[in-house]
Amino acid sequence: MGTHTVDHDLERLAAQARSALVREIERSGAWDADPVWREAFEAVPRHLFVPYYYVGIVGGFERLWGEERDPRRRERWVRGAYADAPLATRVRDGELISSSSQPSLMAKMLAELEVEDSHRVLEIGAGTGYNAALLAHRLGDDLVTTVDLDADITEAARTHLRAAGYHPTVVTGDGARGVPERAPYDRIIATCTLHSIPRAWLAQCAPGGRVLTPMATGLVALRVMDDEHAEGRFLHTAAFFVPLRGGGEPEGMHPHLGGLPRQARDHDLFRFLLSLTAGSLDPHEALALWQREGMPSRERYGITVSGDRAWAWLDDPEGPYAWPLP
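The model shown is predicted, which means the values in this text are computed figures rather than measured ones.

Caption draft 1: Fine view of the packing of helix H9 (residues 268-276) against helix H10 (residues 283-292). Between H9 and H10, the least distance of the axes is 10 Å, while the angle of their chain directions is 130°. If you check the angle between H9 and H10, you find them oblique. Of the two elements, H9 crosses H10, and the hand of that crossing is right-handed. When H9 is examined against H10, the residues Leu269, Phe270, Leu273 and Leu274 are found in contact with a partner set consisting of Pro283, Ala286, Leu287, Leu289 and Trp290. Here the residues of the contact of H9 with H10 sort into nine nonpolar, no polar and no charged.

Caption draft 2: Representation of the pairing of strand E11 (residues 229-234) within the structure. Here strand E10 (residues 218-226) runs beside E11; their pairing, made up of six bridges, is antiparallel. Each bridged residue has a counterpart across the sheet, and for aspartate 226 the counterpart in E11 is histidine 229. In this antiparallel pair of consecutive strands, E10 and E11, the connection spans two residues. Examined bridge by bridge, E11 and strand E12 (residues 301-306) share five bridges and lie antiparallel to one another. By the bridge assignment, glycine 232 is partnered in E12 with isoleucine 303.

Caption draft 3: Representation of helix H3 (residues 71-81) in the model. When H3 is considered as a whole, its buried residues turn out to be Arg74, Trp77, Val78, Gly80 and Ala81. Seen end-on, H3 carries its buried residues on one side only, within an arc spanning 160°. Backbone nitrogen of arginine 72 and a side-chain oxygen of the N-cap are separated by 2.9 Å at the start of H3; the cap is aspartate 70.

Criteria and cut-off values
Residues numbered from 1 in each chain as written. Predicted model: local features only at pLDDT ≥ 70, side-chain atom pairs only at ≥ 80, totals over all residues. Heavy atoms only, no water. Axes fitted to C-alpha atoms, helices over the stretch in contact; angles between N-to-C directions. Helix = DSSP H or I, 4+ residues; strand = E, 2+ residues; numbered from the N terminus. Parallel < 35°, antiparallel > 145°, perpendicular 65-115°, else oblique. Left-handed = near helix turned anticlockwise from the far one by under 90°. Contact = heavy atoms within 4.5 Å. Nonpolar A, V, L, I, M, F, W, Y, C, P; charged D, E, K, R; others polar. Pairing = 2+ DSSP bridges. Buried < 20%, exposed > 50% of the residue type's maximum accessible area, 1.4 Å probe, protein only. Arc of directions from axis to C-beta. Polar contact = N/O pair within 3.5 Å; in protein donor to acceptor, adjacent residues only side chain to side chain.

Right, here's the structure in full:
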């Protein structure tokens, strides 16, 4: 079988798998708030952004890649590229440092970003470049900027984007500092989890802009009033991302949970509260609050940034339950 035939078969398989992924995301309701995103997911070839990725096996990771000689492994690679699942793309010393997020979660986040056709968008965490390609397909290359701390990651993202025919601005730098030379932005979206809201983002966001970022196993959407004020609530969606590198962790991020009932320790919404209040609320106090308030869902929590203060809260920014953020 010639190389041309192999390539043709692979592209046909990729197209079929991409269509199946789009149908799966459609059924999930991820882009119900903005169905225009369906077109981007139909058009952007995810397999070009994950020429290799790692799957967990006993004792470590196995790498799958598009240059496999074995056609069965090559087929496994391309089908995996279009699974509605996160893909580990960079592992260093056994630690995951970069990944391609679950496509349905990406679709949910893009829909919740509430972009309009003329909006300028900054993405924090370039990853493989796939999310930037989806944004560029919707908005055009000139309106999209993506930044990552690791030069290897940004170089790979540029390569993947070129191969797919997209050319947004890719910057190597500290995402917590934003990209001031490309500001102002109408929307900022992060694909890495944070413990606090960088003030640089507010300064680079146009008044009325929207910031969507993972935090404490959730997603918070903030409306920016000016460079010192922003406020918003968490979405109901759970979200687990690689931490923003260089951001550090607040004290008490991993509290001792001994003595807490296992049912609470293993409950997603209690773990969310623990993560959100790390360093400022004792786990036993958190448990008492959580039970007293009826195991509150993520949408009842929010974040406020005002001047040099930032805090998380339950139900009301000025209510009795509020915890300082780093």
